[in-house]
Amino acid sequence: MTSIFPELYQFSAYIPPIDLSFHQYLLLSDEPLLVHTGNAAQAERIVPEIHTLLAGRSLKYVFASHFESDECGGIEIIARAFPEATLVCSSLTAREVSGFGFSIPTLVKKGGDSFKAGNGDFLCIAYPSETHLENGLLLFERTRGLFFSSDLMFKFGEGHGKIIEGDWKNEVVSFDHTQVPNVEMLGRFKNDLLNIEPVFVATGHGSCIRMVTKNP
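All figures in this text were calculated on a predicted structure; none of them were measured in a lab.

Draft legend 1. Broad picture of the environment of Arg-45. For Arg-45, the position within the fold is in helix H1 (residues 40-54). Each C-alpha atom of the pair Arg-45 and Leu-123 lies 29 Å from the other, and the pair is 78 residues apart in sequence.

Below, the structure is given as structure tokens:
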């Protein structure tokens, strides 16, 4: 695990055959929140590290952007280790989690919804990532300027603890059909993203991004 931003810890697994890193994050605020569980093996590995960081506190929330093994494949393990935690996800992810027989208290959100976790003020952004382009969620923490990008900003290579610089508007403008193949959905998605101003992007894969303001 690595402290990668104030109050934010990154856990990673690197898979050499596909040259890809998979990240999970713990926001260690007064009501801690875990972003993604990793797959079952990754979840088993990070549970002791999360316990160490919590130092006796409860894990309040687990966020899953969409239903995929690296986002929530370890949900049963996390739920067993932290029975007080609540899963925050889309309605489709909630149905899939329940359908696979996993039991965890769930808070269903959609794009535009907000929720509080202690001193964290979270905005959910609709993310056309689920089966048949149904909306999953991305997460923006407004107080700290933290954006959790899941699979949206994707780089190959060993990314644990690595940070690069970027410009938010340029990042958003560059998104195309490879991120969202539906043109209408892509346009709405870009508009939603341009309404936020992150200072730091915690990516699901690859290097994190510190946003810099360029001179005109």
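Draft legend 2. Quick look at the pattern of salt bridges. Within this structure, the stated rule accounts for six salt bridges. Glu-7 is the partner of Arg-144 in a salt bridge, and the nearest nitrogen-oxygen pair spans 2.9 Å. With Arg-144 in the loop between strand E10 (135-141) and strand E11 (146-154) and Glu-7 in the loop between strand E1 (2-5) and strand E2 (8-15), this pair connects stretches of sequence that are 137 residues apart. What makes Arg-144 buried here is its relative accessible area of 13%. The class of Glu-7 is partly exposed, set by a relative accessible area of 35%. Note that Lys-116 is salt-bridged to Asp-121, the shortest N-O span being 3.8 Å.

Draft legend 3. The arrangement of the state of the cysteines in detail. Summed over the entire model, instances satisfying the criterion amount to zero disulfides. Cys-72 carries a free sulfur, and the closest cysteine sulfur to it, the one in Cys-89, is 7.8 Å from it. The exposure class assigned to Cys-72 is buried, which follows from its relative accessible area of 4%. For Cys-89, a relative accessible area of 0% corresponds to the buried category.

Draft legend 4. Expanded view of the sheet that holds strand E7 (residues 106-108). Spatially, E1-E2-E3-E4-E5-E6-E7 is the arrangement adopted by the seven strands of the open sheet, whose pairing is mixed. Two strands in the sheet have a free side with no partner beyond their single neighbour: E1 and E7. Here the strands of the sheet are splayed against their neighbours by 25° on average, with no regard to which way each runs. The pairing of strand E3 (residues 20-27) with strand E4 (residues 33-35) spans three bridges and is classified as antiparallel. Within E4, the position partnered with Leu-26 by the bridge is Leu-34. In the packing of H1 onto the sheet, contacts are made with E2, E3 and E4, and the angle to E2 comes to roughly 160°. With respect to the sheet, helix H4 (residues 91-99) is in contact with strand E6 (86-89) and E7, its orientation differing from that of E6 by roughly 135°.

So, how was this worked out
- Residues numbered from 1 in each chain as written.
- Predicted model: local features only at pLDDT ≥ 70, side-chain atom pairs only at ≥ 80, totals over all residues.
- Heavy atoms only, no water.
- Helix = DSSP H or I, 4+ residues; strand = E, 2+ residues; numbered from the N terminus.
- Salt bridge = Lys/Arg side-chain N within 4 Å of Asp/Glu carboxyl O.
- Buried < 20%, exposed > 50% of the residue type's maximum accessible area, 1.4 Å probe, protein only.
- Disulfide = S-S within 2.5 Å.
- Pairing = 2+ DSSP bridges.
- Axes fitted to C-alpha atoms, helices over the stretch in contact; angles between N-to-C directions.
- Contact = heavy atoms within 4.5 Å.

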